[in-house]
Every structure is written in structure tokens, then in C-alpha cells.
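# A closer look at the structure
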Amino acid sequence: MTATSPLTSHSVLHGVPVVAGVQYAPVIRPGTLPDVDAEPTDELPEDERSAEGERFTAAAAAVAGRLRERAAHATGAASEVLAATATLATDRGWLGAAEKRIKDGAPAVRAVNGAIDQFVEMFTKLGGLMAERVTDLRDIRDRVIAELKGLPEPGVPLPDEPSILCAEDLAPADTAGLDPTLVVALATTLGGPTSHTAIIARQLGIPCVVAVAGLDDVPAGTMVLVDGTRGTVTVAPDEAPAREAVAEAKRIAEAAANWSGPGTTADGHAVAVLANVQDGAAARSARQTPAEGVGLFRTELCFLNTDTEPTVEEQASIYAEVLEAFAGNKVVVRTLDAGSDKPLKFAGHPDEANPALGVRGIRIATNNPGLLDHQLEAIAQAAERTGNPPWVMAPMIATAEEAKNFADKARAYGLTPGVMIEVPAAALLADRILDHVDFLSIGTNDLAQYTMAADRMSAELATLTDPWQPAVLALVAMTVKAGAAVGKPVGVCGEAAADPLLACVLTGFGVTSLSAAAAAVQGVGAKLAMVTLQQCRDAAEAVLGTASAAEARAAALAVLG
Ligand code: PEP
Ligand code: MG
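Residues numbered from 1 in each chain as written. Chains lettered and ligands numbered in written order. Predicted model: local features only at pLDDT ≥ 70, side-chain atom pairs only at ≥ 80, totals over all residues. Heavy atoms only, no water.

## Describing helix H6 (residues 134–148)
Counted at 1.5 Å a residue, the expected span for H6 with its 15 residues is 21 Å, and the 21 Å between its end C-alpha atoms agrees. Among the residues trailing H6, Gly 150 stands out with phi positive, at a value near 70°. (Helix = DSSP H or I, 4+ residues; strand = E, 2+ residues; numbered from the N terminus. Expected span 1.5 Å × (residues − 1).)

Structure (C-alpha cells):
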């Protein structure tokens, strides 16, 4: 860390969470790589080129042999990764390119560097999975160069205490050999969720965050807290709370992994725990969790890259995939929530100064009623085809009249109508909206945005858009009460439902279902199973008396532990 670095103790760096869990330990970093730029640039005399070629062939073969050896002694994904790297080390493409460079006069180290650079450029251009293999190529380059120069193989130092391995990216051969009792978490500056780092972290079951901005400035030896659930790396946090966070995460992870549903409190009060999905693939993967159904199918996400309105048949097959994945279970399909942060090319959005307050969600149907009609027709077709009739709900409802118009249309297609409550006006008049619809689903993401007049996309305003804001919770409580008064279901499908503690508070308000990202389902279900309905009700009452999000959290914690 330099004197001018913005990094300080407690800095929280953000990345992409890959494997859940929390660890607190010192940073270790892989050894530095041979500096190729310091190599002489002189051409080899012709009579030395053939020997240099042989030296190169022997070095590459030695590296491949060692990788194969390690593959034979490893198991599972680690073995496969090592074997794949060994194969890449013997790939004729890059070997031939290096040999040609040596024949043309390049010394072996420069030839290896140039040939691998050539392939790195090609893989990067191809993008996707090929681009993620670039780290494998660079790893082979470094190993072969170290071999040529008689240096020890580059890689991860063997730590003498549990440590957190931080790197720009990790070579597969390094990660494959890791001992999870010594390397307890991984964080990288580069890499995606399908990179080898991620694959191996999953196999080892150690927390992992990738694409962490600013991680390169954290030097070896610094104590960090890696949170693979939130996707954060906290630099030099206070020790006691950091250790408590690790212990708590461990307890929670054990309980969550063992939770198999259905959703109930410890004393048997049922609350359906559902998953939010965006297409058939997500629904099939959510089906692998104990989720009892789909509480929010965000249909607009199927069409973000579609230029023209999909036909009814095209839409029906997409919706049918989700209904099939959850055959016999509840599925709530939301009609297109186009606009604002999710514009659809075919929705004909007007140019607006403030799209979050503009023609989005159900408001699009006013000027373009065909869009909603076609979608309802497609949902009805999918229902018939799969024998799994879903509930349908409209986003961004602000008035009882909008709710009535939507409900009339949906019923005309034989569908069960509900609406989302994500505009404060709708929460305030939930009782009047319920005169027209069969259920409500509270979208806490937008409800927080509109209640607090704070853009949900703004990192700066994240404290205001926190769903724990008591003003937001008061509107949620009011909506749930209106549903209970007429015996109609009221669920929550915003991010609030993914927070196990808040899920208990929502249960205390009386929600009938909680729908969250599939990855959050077990955590929510497990926490719910640890508390009684009375505790949830006490926590719900306590948060309503608070004046800030932090106070609300603390009040709930005091009751729910
Ligand atoms: C919400 O607003 O809480 C919600 C679930 O909808 P989305 O996040 O898709 O806007
Ligand atoms: Mg919303």
C-alpha cells in the first residue's frame, strides 16, 4: 500500500460473490513472476538455435510432466483442472509458435513469452469461456520460463498459518493444489464466476470473491475479512467483530446446508419460502433448492436483448419452461416490468428525464395495451400446455383503478390476478386494491426507492434504500394487515426476503410467503426454523417503533438473536 493509496483500515472492497462464507486471516500472495522484459533482446546465432529449441522442448515437457504427476495425485475437480493444464502445456499450437520464434532467432524465454502472448490475444478476442482460460496459458508460460531459467516453480507460497490467498487471478495449477485448512478463502482482482478460481473454490468449499476492485493494493500480511456471501473484502477490520462474523457465518452455513424445507417457524407456523427466477434455466436450478415454488418470475429479463416483441408462441414456450420446472408448485409470473433500469427495445419507451418516475411497469399498457394482452395470452397458453396454472401480477401499480383494470384482463384469460405493492400510494391504499385482486406481493426494492426518494441504483444512497428503513417497514406492515383483514395472501418478493433476519420480521408482520434469489432460500428457511412466531411478532413490533434502519436491525437482533 502506498502513502497515496485510498485504502485504509476498514476499507470495504466490493467484488462478485462466488462461494458463500466468511473468513478472517492474513493475506498471502503468489510469488512474483520472472521478469521477461529484463531478458536480452539479441538474436541467437544460427548455430545455437537448434540447441535452444531442444532446451525449450525439454522445459515444456518437464512442466507438463509435473502437472500430470500432480493431477494423478489430486482428486475430483482439482485433478481435472491439473490434467487440463497439463494438456494445454503440450498443445501443438503454442509449442509450434514458440519453436518457430526460436528458429527465427529468439532466445527460448522470449519465444515462450511471445508465443503465449499471441494465444492470449486470440483467446481474449474469442471471449467467454475461452477468455477465462487465458490465466491457464499465462500459468504455463511462467512455469516454462521459470524452468528455463532454473528458478523454483512460481506459485502460491505454503503458508504456516491459515491465510487468505489474494491475487490478480489464480492459475488453475496453483488453486488445484491448495490445502483448504491453510488457504481458507480466495479473493481475486480478475476472474468471473466460471473461472478456475471459482471452480476450485467451490470444490474446496472455501469462501471466494472475484473481480474485487482495489484488491491489488492490499499487501501480503494485511488482515482481511472476506465475505463470500456479500462479495466484500474488508481491509484490517476490528478483530473481535471480525472473528464473531466468522463464527456466526459458520453456524448459519451449517444450519442452512441442513435445511430442506418447507418454510415454518420453530413452532410450526407455515410461511412459503419461494425463489425469484428470470428464465427456465434459473427455475430448474432453483428447483434443486428446497424452494416451494416461484414467488417472482421477472419476465422482462427474458427479453432484454430482443429488438421486436416476441410472438405469443415464443413467449408461451419460455413461460412454460418455468411452469414445468415447478410442476405442481406455485409460480407467480410478473408481467413485463419494462422501463427505468430495465428498458425493453420493443416497449416503445418515450424519452424521459426521469424514467424511474416515468412510463414503466403497468403504465406501458396504457399506450400499448397489445403488449399486455399478448403476454397474458401467452401465460394462459403456457398454463394450459403444462397443466400448472400460475398466478399473475402486475408491477408498479399505483392506484386501485389500475389494479382493477389488470385484474379484469387477467381473469378474462382465466388467470388468478394479483399486483405488486412497490409504490407507497399502493401500500397506503392496499385495502382498496384488495377489493379487486386475489393477492399482493410486496416489492421492497422499489418500495424503498420510492418511499425514501432515493435511487436504488445509487451506491451513495444505499443507506436510504435499505429495506430496514422503518418507514418502508411501516408500509409493508400496513399492506400485510390489509391482506390479513380480508384473508388474502400477501408475500414479499424484494431483496428484503433474502435477509434471514428481516424475513423473520416480515413473518411477524404476517406475510404468507417470502421469495428471494435461489441462493438465499436455505439461509432464510433455516433462520425461520430457529425462531417462534411470537418472537417474529415481537421483533416486528419492535422495529416499527424505531427511527432508523440501524436501530431497526438492532431491535430485531435483540429479539431474534
Ligand atoms: C422490487 O421492486 O422489490 C421487485 C421485486 O421488483 P424488481 O426488483 O424486479 O424491480
Ligand atoms: Mg420492482
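## With respect to the packing of helix H19 (residues 500–509) against helix H22 (residues 549–560)
The relative placement of two packed helices is expressed as an angle between their axes plus a distance between the axes. Between H19 and H22, the shortest axis-to-axis distance is 10 Å and the interhelical angle comes to 80°. What the angle tells us is that H19 and H22 run roughly perpendicular. The residues of H22 that touch H19, namely those facing Leu 501, Cys 504 and Val 505, are Arg 553, Ala 556, Leu 557 and Leu 560. Taken together, the residues of the contact of H19 with H22 break down into 6 nonpolar, no polar and 1 charged. (Axes fitted to C-alpha atoms, helices over the stretch in contact; angles between N-to-C directions. Parallel < 35°, antiparallel > 145°, perpendicular 65-115°, else oblique. Contact = heavy atoms within 4.5 Å. Nonpolar A, V, L, I, M, F, W, Y, C, P; charged D, E, K, R; others polar.)

## Concerning unusual backbone geometry
Note the cis peptide between Gly 261 and Pro 262, where omega equals -10°. Within the secondary structure layout, Pro 262 lies in the loop between helix H9 (239–258) and strand S9 (272–277). Backbone geometry places Met 396, a non-glycine residue, at a positive phi of 60°. Examined against the element boundaries, Met 396 turns out to sit in the loop between strand S12 (391–394) and helix H14 (400–412). Phi is positive for Ala 453, close to 50°, though the residue is something other than glycine. For Ala 453, a relative accessible area of 72% translates into the label exposed. (Buried < 20%, exposed > 50% of the residue type's maximum accessible area, 1.4 Å probe, protein only.)

## Let's talk about the site of ligand 1
Looking at ligand 1, there are 14 residues lining it, with Arg 298, Arg 334, Gly 443, Asn 445 and Arg 456 nearest. One nitrogen or oxygen atom from the main chain of Thr 444 is found 3.1 Å from an oxygen atom belonging to ligand 1. Here Asn 445 contributes a backbone N or O atom positioned 2.7 Å from an oxygen atom of ligand 1. In isolation ligand 1 offers 290 Å² of accessible surface; the protein chains occlude 99% of this area. (Near = heavy atom within 4 Å. Polar contact = N/O pair within 3.5 Å; in protein donor to acceptor, adjacent residues only side chain to side chain. Areas by Shrake-Rupley, 256 points an atom, 1.4 Å probe, with all protein chains shown as cover.)

## Some words on the coordination of the magnesium ion (ligand 2)
Looking at the metal site, the magnesium ion (ligand 2) is ligated by Glu 422 (OE) and Asp 446 (OD), spaced 2.1 to 2.2 Å from it. Residue Glu 422 is found in the loop between strand S13 (416–421) and helix H15 (424–428), and its partner Asp 446 is found in helix H17 (residues 444–452); the two are separated by 24 residues along the sequence. On the basis of relative accessibility, which here comes to 2%, the residue Asp 446 falls in the buried class. (Donors = N, O, S within 2.8 Å, 3.2 Å for Na, K, Ca; no water.)

## Quick look at the packing of helix H11 (residues 312–325) against helix H13 (residues 369–386)
The contact between H11 and H13 brings their axes to 8 Å, and the two run at 50°. Put simply, H11 runs oblique to H13. Helix-helix and strand crossings are classified by hand; for H11 and H13 the assignment is right-handed. Here Val 312, Glu 313, Gln 315, Ala 316, Ser 317, Tyr 319, Ala 320, Leu 323 and Glu 324 of H11 lie close against H13, whose contacting residues are His 374, Gln 375, Glu 377, Ala 378, Ile 379, Gln 381, Ala 382, Ala 383, Arg 385 and Thr 386. (Left-handed = near helix turned anticlockwise from the far one by under 90°.)

## Here's the deal with the pairing of S13
Burial runs high along S13: 5 of the 6 residues are buried. Inspection of the sheet shows S12 paired to S13 by 4 bridges, in the parallel sense. By the bridge assignment for S13, Met 393 is matched with Gly 418. At this point the chain moves from S12, through H14, to the parallel S13, and the crossover so formed is right-handed. Pairing geometry for S13 and strand S14 (residues 439–442), over 4 bridges, is parallel. Residue pairing in the sheet places Gly 418 in a bridge with Phe 439 of S14. (Pairing = 2+ DSSP bridges. Right-handed = clockwise from strand over helix to strand, strands pointing away.)

## Things to note about the sheet that holds strand S10 (residues 293–298)
Reading around the barrel, the 8 strands line up as S9-S10-S11-S12-S13-S14-S15-S16 and close back on themselves, with parallel pairing between neighbours. Across the sheet, the axes of successive neighbouring strands diverge by a mean angle of 25°, strand direction being ignored. The strands touched by H14 within the sheet are S12 and S13, with S13 carrying the most contacts at an inclination of about 150°.

## Examining the pairing of S10
Summarising burial for S10: 6 of the 6 residues are buried, a large majority. Bridging between S9 and S10 involves 3 bridges; their strand directions are parallel. Bridge assignment links Val 277 to a residue of S10, and that residue is Phe 297. Note that S10 and strand S11 (residues 330–334) share 4 bridges and pair parallel. Note that in S11 the partner of Arg 298 across the bridge is Arg 334. Viewed along the sheet, the connection from S10 through H11 into S11 turns out right-handed.

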